Amino acid sequence: MQPNSSQAGGKGECAYDVVIVGAGFAGLYMLHRLRALGCSARVFEAGGDVGGTWYWNRYPGARCDVESVQYSYQFDAALQQDWNWSERYAAQPELLSYARHVADRFDLRRDIQFNCRVTAASFDAALGRWRIEADDGSRASARFCIMATGCLSAPNLPAFEGEMTFKGDRYHTGYWPHQGVDFSGKRVAIIGTGSSAVQSIPIIARQAEHLYVFQRTPNYAVPAHNAPLDPGYLKQVKADYPALRQRAKQTMTGIDFDYSEQKALETSPQERRREYQRRWDHGGLWFLGAYQDLMVEQEANDTAAEFVRGKIRDKVANPEIAGLLAPTNTIGCKRLCVDIGYYETFNRPNVTLIDVSAQPIEAITPRGVRARGAEFAVDAIVFATGFDAMTGALLRIDIRGRNGLALKQKWSEGPRSYLGIAVAGFPNLFTITGPGSPSVLTNMLPTIEQHVEWIADLIGFMRARRLEVIEAEGGAEDEWVAHVGELAGRTLRYTCGSWYLGVNIPGKPRVFMPYIGGFPKYVERCNEVAANGYQGFVATGAAPAT
Ligand code: NA7
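Enquirer: In this structure, what is going on with the packing of aromatic side chains? I would like to understand it.
Expert: By convention here, two paired aromatic rings are described through the distance between centres and the angle between planes. If you walk through the whole model with that rule in mind, you get 41 aromatic pairs. In textbook terms, an aromatic cluster arises when at least three aromatic residues are bridged by ring pairs, as seen for Phe 25, Tyr 29, Trp 54, Tyr 71, Tyr 73, Phe 75, Trp 83, Trp 85, Tyr 98 and Phe 106. Over the ring of Tyr 55 we find Arg 58; its NZ or CZ atom is 4.8 Å from the centre of that ring. For Arg 279, the ring lying beneath its charged end belongs to Trp 286, and the centroid distance is 4.4 Å.

Enquirer: Quick question: what am I supposed to make of the site of the ligand here?
Expert: In the vicinity of the ligand lie 18 residues, with Thr 193, Ser 196, Arg 216, Thr 217 and Lys 334 positioned nearest. Interatomic distance of 3.3 Å between a side-chain N/O atom of Arg 335 and an oxygen atom of the ligand. Between the ligand and Ala 384, the relevant distance is 3.2 Å, taken from an oxygen atom to a main-chain nitrogen or oxygen of the residue. Protein burial of the ligand: of its 770 Å² of free accessible surface, 87% is covered by the chains. Split by residue class, the shell around the ligand holds 7 nonpolar, 8 polar and 3 charged.

Enquirer: I would appreciate a short explanation of the sheet that holds strand β15 (residues 374-377) in the present structure.
Expert: Whenever strands of a sheet pair, they do so through backbone hydrogen bonds, lying parallel or antiparallel. Spatially, 3 strands are ordered β13-β14-β15 in an open sheet, and the strand pairing comes out antiparallel. One side of each edge strand has no neighbouring strand; the edge strands of this open sheet are β13 (363-364) and β15. In this sheet, strand β14 (residues 368-371) lies alongside β13 in antiparallel orientation, the contact comprising 2 bridges. Looking at β14, one finds that Ile 364 is bridged to Val 369.

Enquirer: Just checking my understanding: could you explain the state of the cysteines for this structure?
Expert: Two cysteines joined by a covalent bond between their sulfur atoms form a disulfide. Going through the model one piece at a time under the given rule, you end up with 1 disulfide. Two residues, Cys 333 and Cys 496, share a disulfide whose sulfurs are 2.1 Å apart. Its S-S torsion of approximately -105° makes the covalent link between Cys 333 and Cys 496 left-handed. Of this pair, Cys 333 sits in the loop between α9 (319-325) and β11 (337-339) while Cys 496 sits in the loop between α14 (474-489) and α15 (519-531); the two residues are 163 residues apart in sequence, bridging distant segments of the chain. Grouping residues by exposure puts Cys 333 and Cys 496 together as buried. Looking at the unpaired Cys 14, the closest cysteine sulfur is the one in Cys 116, lying at 11 Å. The exposure class assigned to Cys 14 is partly exposed, which follows from its relative accessible area of 26%.

Enquirer: It is not clear to me how the pairing of strand β19 (residues 467-472) should be interpreted in this structure. Could you clarify?
Expert: Successive side chains on a regular strand alternate, one facing one side of the sheet and the next facing the other. For β19, the tally of buried residues reaches 5 of 6 residues, placing the bulk of the element in the interior. Where β19 meets strand β20 (residues 537-541), 5 bridges bridge the pair, whose relative direction is antiparallel. Looking across to β20, one finds that Ala 472 is bridged to Phe 537.

Enquirer: Is there a simple way to explain the sheet that holds strand β7 (residues 169-172) in this structure?
Expert: Strands sit in the order β7-β16-β8-β9-β12 across an open sheet of 5 strands; the sheet is parallel. Every other strand in the sheet has two partners, leaving β7 and β12 (351-355) as the edge strands with one partner each. Each strand axis lies, on average, 20° off the axis of its neighbour in the sheet, ignoring direction. Here 4 bridges tie strand β8 (residues 187-191) to strand β16 (residues 380-383), and the two strands are oriented parallel to one another.

Enquirer: Would you mind going over the packing of helix α1 (residues 25-36) against helix α13 (residues 444-464) with me for this structure?
Expert: Two numbers describe a pair of packed helices, the interaxial angle and the distance between the axes. The geometry of α1 relative to α13 is characterised by a closest axis approach of 9 Å and an angle of 35° between their N-to-C directions. For the pair α1 and α13, the sense of crossing is right-handed. In contact with Phe 25, Ala 26, Tyr 29, Met 30, Arg 33 and Leu 34 of α1, α13 contributes Leu 445, Ile 448, Glu 449, Val 452, Glu 453, Ile 455, Ala 456, Asp 457 and Ile 459. Classifying every residue of the contact of α1 with α13 gives 11 nonpolar, no polar and 4 charged.

Enquirer: Which parts of the structure should I look at to understand the pairing of strand β5 (residues 129-134)?
Expert: Across 6 bridges, the pairing between strand β4 (residues 118-124) and β5 is antiparallel. Bridge assignment links Asp 124 to a residue of β5, and that residue is Arg 129. Joining the antiparallel neighbours β4 and β5 is a turn of 4 residues, in which Gly 128 adopts a positive phi near 70°. Direction of pairing for β5 relative to strand β6 (residues 139-147): antiparallel, over a ladder of 4 bridges. Its bridge partner being in β6, Glu 133 is matched across the sheet by Arg 139.

Enquirer: Would you mind showing me how to read the environment of Pro 242 here?
Expert: When you line up the elements, Pro 242 lands in helix α6 (residues 231-249). Judged by relative accessible area, which is 59%, Pro 242 ranks as exposed. In the structure, Pro 242 is positioned 168 residues away from Gln 74 in sequence and 8.7 Å away in space, judged by C-alpha atoms.

Enquirer: What am I meant to see in the pattern of salt bridges here?
Expert: In total, this model carries 37 salt bridges according to the counting rule given. Among the salt bridges present, the one from Arg 143 reaches Glu 468, with a minimum N-O distance of 3.1 Å. You can see Arg 143 sitting in strand β6 and its partner Glu 468 sitting in strand β19, a full 325 residues away along the chain. Across the pair, Glu 468 and Arg 143 agree in class, each one buried.

Rules behind the numbers
Residues numbered from 1 in each chain as written. Predicted model: local features only at pLDDT ≥ 70, side-chain atom pairs only at ≥ 80, totals over all residues. Heavy atoms only, no water. Phe/Tyr/Trp six-rings, centres within 6.5 Å; stacked < 30°, edge-to-face > 60°. Lys NZ or Arg CZ within 6 Å of the ring centre and 35° of its normal. Near = heavy atom within 4 Å. Polar contact = N/O pair within 3.5 Å; in protein donor to acceptor, adjacent residues only side chain to side chain. Areas by Shrake-Rupley, 256 points an atom, 1.4 Å probe, with all protein chains shown as cover. Nonpolar A, V, L, I, M, F, W, Y, C, P; charged D, E, K, R; others polar. Pairing = 2+ DSSP bridges. Helix = DSSP H or I, 4+ residues; strand = E, 2+ residues; numbered from the N terminus. Disulfide = S-S within 2.5 Å. Buried < 20%, exposed > 50% of the residue type's maximum accessible area, 1.4 Å probe, protein only. Axes fitted to C-alpha atoms, helices over the stretch in contact; angles between N-to-C directions. Left-handed = near helix turned anticlockwise from the far one by under 90°. Contact = heavy atoms within 4.5 Å. Salt bridge = Lys/Arg side-chain N within 4 Å of Asp/Glu carboxyl O.

In short, geometric facts, not functional conclusions.
Here it is, written out as structure tokens:
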């Protein structure tokens, strides 16, 4: 079906069945599925190419923390068989090549408009269509608007006094220069010690003359044991792919892990130590699968946390620095980091750790960073300060539903969504991996695929019945929001100042945003809703002809 430039919109406005915002892994697959339905679709992408997260996050050491063979699409068996991952955890350039390969393989680029940031989307109730505006002057209208804007795509730049006075170079890990940065011979400050910092610090430290790490909260990291993928292993995975993907779908995280059914508190200290060591030697997020009570019982969690603190003390030569690097909060409450030589980096003579937990950074000065009463003169500052997670990318767009209701207003006390996919008052708008869905607590690729397929099925259902407008019911939304909140309150993930709770952004409502009930339960619920004729939605047909 071809877009029509005069159909429903004003001058210069193209009309489509669907507009998709974002050409990351979600937007790419959504476009592919919609084409199969015969829909006309246009993707608007702020970046200059496909890839989303992996287009922007080019900081040194950026790589996925889920093994590549699982952090990949499964919708196309031939793609899955043809693509060869080179490392256990793919680095950003390889992930970006993969996204590009998918775009080319399925001829997706012709429906994607690059370098075009969507600034506004509003629902025209009279026409039953969305009107979309972008910063390059593009205008479009569409029956459906699908937000594939990512969960960690709106960089967080905290306000530091004097920040603009700094005379050197400034970088944010989530907005890294495409040509890369050479820190050789430079004095560098890095602010933050989350996943992005944990990945980049060892590499920047090897280049820089001196690296100053400003740490507000220490983080737990488990070793990646990254390595090139052995062709024999890859062959074995490919032969087992259908079964592997099925097994993964049965786990809480959507990752084919060995999750223990045992409880830490019912296991002897010697046995526990053996199990933690086994998982430490294996590497990666698998560590937290050691016992099923780790994220529910603080006492159980303490045993895993203490094991990791012991490893930090073993790795870091200076006991005072080891003490500062050792977290005291719940392990897994903030996102567990997967590292390559992070703690060992603090044994280098050219790395200084500055604890800003009790006294915040005082200011950025023309020469560097002032903290703890001293000025640290540097040539460059790296802000590894994370993202306005889950809601940030959506709320940076002026999204308006029925009667001009702004999403920002609707979500002023925290995000409200039915299944993390649809919002009452915002008909025909869908969010892929939105707040209220498992998203960031799971392997993003299968989670994205499940959302894309569910939304495509819904659109197919509507087209088959000549339905024009569908909207989540307020009651269904309320019930879902309450369910998501109730589940979150039962876990230890609720106990620390994480971005899952919005604590990293001043003024953001403290709401645990992702659905924590696990991938299988979530999928079951989505399937039930669909099987019951999209229960919790109201659909109407015969909107005025467009
Ligand atoms: P994160 O995990 O949100 O980390 C941001 C870091 O920046 C974290 O250590 C913060 O400390 C620190 N931060 C933020 N603001 C400040 C100020 N004002 N002063 C000092 N330090 C500050 O973001 P990442 O990019 O590392 O990772 C995001 C996700 O991407 C990650 O979870 C993976 O899923 C992939 P805090 O902990 O808030 O005290």
